[in-house]
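Understanding the architecture of this molecule
Next come the chains, spelled out residue by residue.
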Amino acid sequence: MEPIADVPRSSHVPTTLPPVGEKPSCQIQVNGRTIDAIDDERLVDAINRAGVEVPQVCYHPRLGPIQTCDTCMVEVNGELARACASKVAAGMTVVTESARARAAQTEAFDRILGNHLLYCTVCDNNNQDCTVHNTTGMLKIEHQKYPYKPKPYEVDYSNPFYRYDPDQCILCGRCVEACQNVQVNETLSIRWEDEHPRVLWDGGTQIGGSSCVSCGHCITVCPCNALMEKSMLGYAGYLTKLPKDALNGMIDIVKAIEPELGYGPIMTLSETEAAMRNERVKRTKTVCTYCGVGCSFEIWTKDRHILKVQPADGPANNISTCVKGKFGWDFVNSKDRLQKPLIREGETFREASWKEALDLVGRKLSEIKSAHGPDAIGVISSSKCTNEESYLMQKLARAVIGTNNIDNCSRYCQSPATMGLWRTVGYGGDSGSIHDIAQASLVIIVGSNTAEAHPVLATRVKRAHKLNGQKLIVADLREHEMARRADIFFSPSPGTDMVWLSAVTRWIFDNGLARTEFLHEWVNGVEEYRKSLEPFTMEYAARVCNLPLETLTRVAQEIASSNATCVLWAMGVTQHCGGSDTSTAISNLLLVTGNYMRPGTGAYPLRGHNNVQGASDFGSMPAYFPGYEKIADNEPRERYEKGWGVKLSTTKGLDNHEMIRAIYDGKLKAMYLAGEDMYYADSNANYVSGGFERLEFFVVQDIFFSETCRYADVVLPGSPSLEKEGTFVNTERRMQRLYEVLPPLGESRPDWKITQDVANRLGANWNYTHPADVMHEAASLAPLFAGVTYDRLAGFKSLQWPVAIDGTDQPLLYIKGFPLPENKATLFPLEWIAPCETVDEEFDLHLNNGRLLEHFHEGNMTYRVPGIHAETPNCFLEVSPELATNRELVTGQWVDITSRYGELRVQVFVTNRVKGKEVYIPLNSLGHAVNLLTGDNTDRATHTPAYKETPVKMRVLPWKGQNPIPKLNFRYGTPTPQRGVEVERKWKRADYSMPGEKHGNGLVQITTK
Ligand code: SF4
Ligand code: SF4
Ligand code: SF4
Ligand code: FES
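Residues numbered from 1 in each chain as written. Chains lettered and ligands numbered in written order. Predicted model: local features only at pLDDT ≥ 70, side-chain atom pairs only at ≥ 80, totals over all residues. Heavy atoms only, no water.

**Looking at the packing of aromatic side chains**
Convention followed: Any pair of Phe, Tyr and Trp rings, taking the six-membered ring for Trp, is counted once the centres come within 6.5 Å. Such a pair is stacked with planes under 30 degrees apart, edge-to-face with planes over 60 apart, and tilted for the rest. Placement of a positive charge over a ring is assigned whenever Lys NZ or Arg CZ falls within 6 Å of the ring centre and within 35 degrees of the normal to the ring plane.
Within the structure shown, the criterion is met by 32 aromatic pairs. Within the aromatic cluster, the residues linked to one another by ring pairs are Trp422, Tyr427, Tyr596, Tyr624, Tyr628, Trp801, Tyr814 and Phe818. The lysine or arginine in question, arginine 280, covers the ring of tyrosine 238, its NZ or CZ lying 3.8 Å from the ring centre. When the ring centre of tryptophan 801 is taken as origin, the NZ or CZ atom of arginine 733, which lies over that ring, is 5.7 Å away.

Below is the structure:
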């Protein structure tokens, strides 16, 4: 048997589906035919795989059996049963098309049509994939058996992105299941006991201002038009933009002719219209441009209008998205997009032709290289751009300019995590897949606001915690959503995570709970490391981290007793002076507890940008070629010299941070920076901009005129991900292809083409015609990607590196040991060094910063999405209730915040997410750049700025403004958690009977979910 067709071939398969490629283990009879099946799988899956047509309105393979619609009634061994809720057993006999089964199916669907008007021709959901429409055809329904009954509720348009129409809602409950148990936002429910049940937000408020985070799961799974993206309404169909009166008139005509003509001709008309609209609607697969989770989906467009984002089989995300991936694309058509090259004229810029701009870039960079040598030029690649673009940027620096001064923004976030992993296990990547995180029996999150920064990945933890008994430990300065859900939550003093991690590791050794067999077989340096743990007693950690001893002991006990632990961490760990050491301590702990080399275990630094992993993987780093081979090593360098036909420099290049310093030192004269608003992204913005001002020549390539562009001499208009082809690598090392959704806007160009043009102006002779050419070259030179081809990545296929020449990838990274001497991991001894900067009498508040769910970083893209802007228009400073009382602050109050490096003015938001003298500012800080406050200190090993070590003082201003977070925002909502749809409550209704049984019999099939 072939693997199940609609499941991507990856390690990430939801537990609700039969494992990919699982062999049939039994046979069953369906309509007299023998079919292969898998013991205990859902009967509906076996039937579908065999191509037998059975209606199934509420069933969605990613949601499991909901059992609300009853349309899948079949005879199983002579008894009527729901196919979705029945499990396969060897030898079972199934009849799907007996008169009895058909009558039950039709009766169930007739009831559905009592809740839904079939006005398909004028419906924006008439796209050949509407489940209600298609089931009407499948069951050959001609007439409405039960009259359509509108519900006594208004359509709800209050969310900026979607609307709910109760009158079209068939109460299948898919949306509720998705919200409760996939997104686990727990906003939606159906109160089955109501006279007229409908879907409820927070138990019955309007959508805007409810706890709905606009992730879009509910709309994605809705089988009809009850939930729809506003961007579809009036745009999808030929007749759907008609004025409401005209539309209602047409709907009335449908109602009037149905009793006489039947649905047949009406459906034929609508199907013709659907076929016509599909001619002009383009569906293109892409990968999300925001965070490192790497959600993939199809984008539907009509010309340049984005109709909707439709996830289905993303290997990282399946049906999941967050608000940014589902709704955050308006920036692509923003009037602010750069569409022509710009050249500085004094204090302003003028538009220029590509030829003029590129000639100027070529001439100036050549002159500077001639006058000062190649190392006077720095190149910065973008973690928003593709792997192919990163590869070309580093090739431009190394092979054309002749310098290793090439870096990317992983310097600002991820380098310490990579360093921690290099020191201990060899590869700087996640040890497994998101699926492994979901499988773990214990997840530990350190310094990551996962639900907001990596939202879809967080849903897997939330689901496993809610439904599968996974334990969750969270260490963070803020009590964010994951902290609230955790079994154990604690807040160590800022920058001290390394101490508690080391103390817990020592406790595990001391109590004889280390996995000695694993250590013996797979780990070097055990004794030396154990000795280094001597200072790290629990008492010491309790004192340094300001934590109760009992909490630390409980944490240690949980870790020691777990049989599969994953640790997730992010910038709360890495953006400290000891970021690399804390990352190392995490990996040490995992090694001592044997939590590598097995499914459900390992280290998961959560990569921030869509392609921050790929930007480094493909060589935009000062000391490494693509695939992390050292420029200092002869063998790889000779390979690249041969491949590129040039002699390469062996001088280690400058990283981002060092480049700015080198400008001040007069050593770096020019920079070529692509897709990075470095002014906002680097720490100590005043120092960075001072550096830019000193450059002799500065080229910035971007899609908007960013703050950084203000310092440029030439600005080149690049393209966002939707306007190009290429690949990204997500946080799981998963490489995925993106396809061109829209042509480049105006005269903007895909970044790989621009880099090629710049290289050729500098004397290269590059002739890449497509990113596939670039990948082919990279795969031929970098062993880590040897087997990567565009064919192997076609559509929704993906590969997790390393990829062998035959295309075999490695979802679980460490299967046969570690890429270190003797094939073993190494425990890395550490010493505790206190944070570089701490609060004192004058700078008495600790400032933390990070992402918000709805904005990406500084918001260059997301502020240009009107719906996101409406929900979250402002930056703000989170202040604890204690501090607010102490300083007489209220929400909306203006304050000046001053650090040792700068100051900014911001409004206060009082919240118990922060405690005491902790304050927090989100990164969506256009006009309030948090990096005006951050300083010069960096991680000792990698130069990642210590953004999270920023003591500040506060001056309260006499002005009180509006609440900076509007009432529309989800943060004011009150979720209504429940087990799911809770269909049993529907079955208890007096007016319910299972189709095919006499009314009032009360027979219900016991759920086998
Ligand atoms: S959070 Fe909102 S958008 Fe997401 S599934 Fe729930 S109701 Fe739908
Ligand atoms: S709104 Fe929810 S319950 Fe109603 S039809 Fe759509 S998915 Fe089903
Ligand atoms: S921002 Fe991240 S979690 Fe959200 S859709 Fe994009 S990749 Fe997925
Ligand atoms: S598909 Fe709805 S009850 Fe089975």
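**Describing the nonpolar core**
Rules: For the purposes of this section, nonpolar cores are sets of buried Ala, Val, Leu, Ile, Met, Phe, Trp, Tyr and Cys residues that join through side-chain atoms within 4.5 Å. Remark: exposure states derive from per-residue accessible area (1.4 Å probe, protein chains only) relative to the maximum for the residue type, with buried under 20%, exposed over 50%, and partly exposed in between. A run of DSSP states H or I qualifies as a helix once it reaches four residues; a run of E qualifies as a strand once it reaches two. Both are numbered from the N-terminal end. Here a residue-residue contact requires only that any non-hydrogen atoms of the pair lie within 4.5 Å.
In terms of nonpolar packing, the biggest core is built from 118 residues, with Trp500, Tyr596 and Phe818 touching the most fellow members. Counting residues per element, this core draws most heavily on helix H16 (residues 497-510), at nine residues. Setting aside anything within four residues of it in sequence, one finds tyrosine 596 in contact with Leu421, Val425, Ser431, Phe518, Ser587, Leu590, Leu591, Thr601, Gly602, Ala603, Tyr814 and Phe818. Counting 54 residues, the second largest nonpolar core, distinct from the first, contains Leu63, Cys215, Cys218 and Leu227.

**Focus on the site of ligand 3**
Inclusion rule: Here a residue is considered near a molecule or strand provided that any single heavy atom belonging to it is located within 4 Å of it. Residue type decides the class: Asp, Glu, Lys and Arg count as charged, Ala, Val, Leu, Ile, Met, Phe, Trp, Tyr, Cys and Pro as nonpolar, and the leftover types, Gly among them, as polar.
Looking at ligand 3, the residues that line it are Cys288, Tyr290, Cys291, Val293, Gly294, Cys295, Cys322, Lys324, Gly325, Pro455 and Val456. Contributions of two or more residues to the shell around ligand 3 are made by helix H8 (323-327) and helix H14 (455-467). Here the residues of the shell around ligand 3 sort into eight nonpolar, two polar and one charged.

**Thoughts on the site of ligand 1**
Near ligand 1 the following residues occur: Tyr162, Cys179, Asn185, Leu188, Trp201, Cys212, Val213, Ser214, Cys215, Gly216, His217 and Cys218. Counted by class, the shell around ligand 1 contains eight nonpolar, four polar and no charged residues.

**A word on the packing of helix H10 (residues 387-401) against helix H29 (residues 771-781)**
Counted only if it meets this: Axis lines are fitted to C-alpha atoms, over the contacting stretch for helices. Their N-to-C directions set the angle, which ranges from 0 to 180 degrees. An angle counts as roughly parallel when it lies under 35 degrees, as roughly antiparallel when it exceeds 145, as roughly perpendicular when it falls between 65 and 115, and as oblique in every other case. The sense of a crossing depends on the near helix, which, turned anticlockwise from the far helix by less than a right angle, makes the crossing left-handed and, turned clockwise, makes it right-handed.
In contact at an axis separation of 9 Å, H10 and H29 are set at 65° when each is read in the N-to-C sense. Considering their axes alone, H10 and H29 lie roughly perpendicular with respect to each other. In this structure, H10 meets H29 at a crossing whose hand is left-handed. Residue-level inspection shows Asn387, Glu388, Tyr391, Leu392 and Lys395 of H10 in contact with H29, the latter providing Pro771, Val774, Met775, Glu777, Ala778 and Leu781. Tallied by class, the residues present in the contact of H10 with H29 amount to seven nonpolar, one polar and three charged.

**Observations regarding the side chain of threonine 496**
For clarity, the cut-off: The term polar contact refers here to a pair of N or O atoms within 3.5 Å; inside protein, the definition further demands a hydrogen-donor-capable atom paired with an acceptor-capable atom, and it admits residues adjacent in sequence only when both atoms are side-chain atoms.
Along the chain, threonine 496 falls in the loop between strand S19 (488-490) and H16. A polar atom in the side chain of threonine 496 sits 2.6 Å from the backbone oxygen of serine 493. Residues within four places of threonine 496 in sequence aside, it is in contact with Val544, Cys545 and Trp832.

**Details of the confidence of the model for the protein chain**
Parts of the model with low pLDDT should not have their predicted coordinates read in detail. Rule in force here: pLDDT is defined as a per-residue confidence score from the predictor, taking values between 0 and 100.
In this model, the protein chain carries an average pLDDT of 93, and 96% of its residues clear a pLDDT of 70 or more. Across residues 999-1003, where pLDDT falls below 50, the model places six contacts with residues more than four positions away in sequence or in other chains.

**Concerning the sheet that holds strand S4 (residues 79-82)**
Note the threshold: Here, strands pair whenever DSSP counts at least two bridges between them.
Judged by pairing direction, the sheet is mixed, and its five strands sit side by side in the order S2-S1-S5-S3-S4 without closing on themselves. In this open sheet, the two strands that pair with only one neighbour each are strand S2 (33-37) and S4. Direction aside, the axes of adjacent strands within the sheet are offset by 40° on average. Note: strand S3 (residues 73-76) against S4, four bridges, orientation antiparallel. Paired with methionine 73 across the strands is arginine 82, a residue of S4. Across the sheet, helix H2 (residues 99-113) touches S3, S4 and strand S5 (93-95), and the angle it forms with S3 is around 155°.

**Overview of the sheet that holds S19**
If you walk across this open sheet you meet the five strands as S19-S18-S17-S21-S22, and the pairing is parallel. Looking at which strands have only one partner, the edges of the open sheet turn out to be S19 and strand S22 (602-605). Each strand of the sheet is rotated relative to its neighbour by a mean of 15°, with strand direction disregarded. In this sheet, S22 lies alongside strand S21 (residues 565-569) in parallel orientation, the contact comprising four bridges. Opposite tryptophan 569, over in S22, you have proline 605 as the bridge partner. In this fold helix H22 (residues 579-592) packs onto S21 and S22, with an angle of close to 175° to the strand it touches most, S21.

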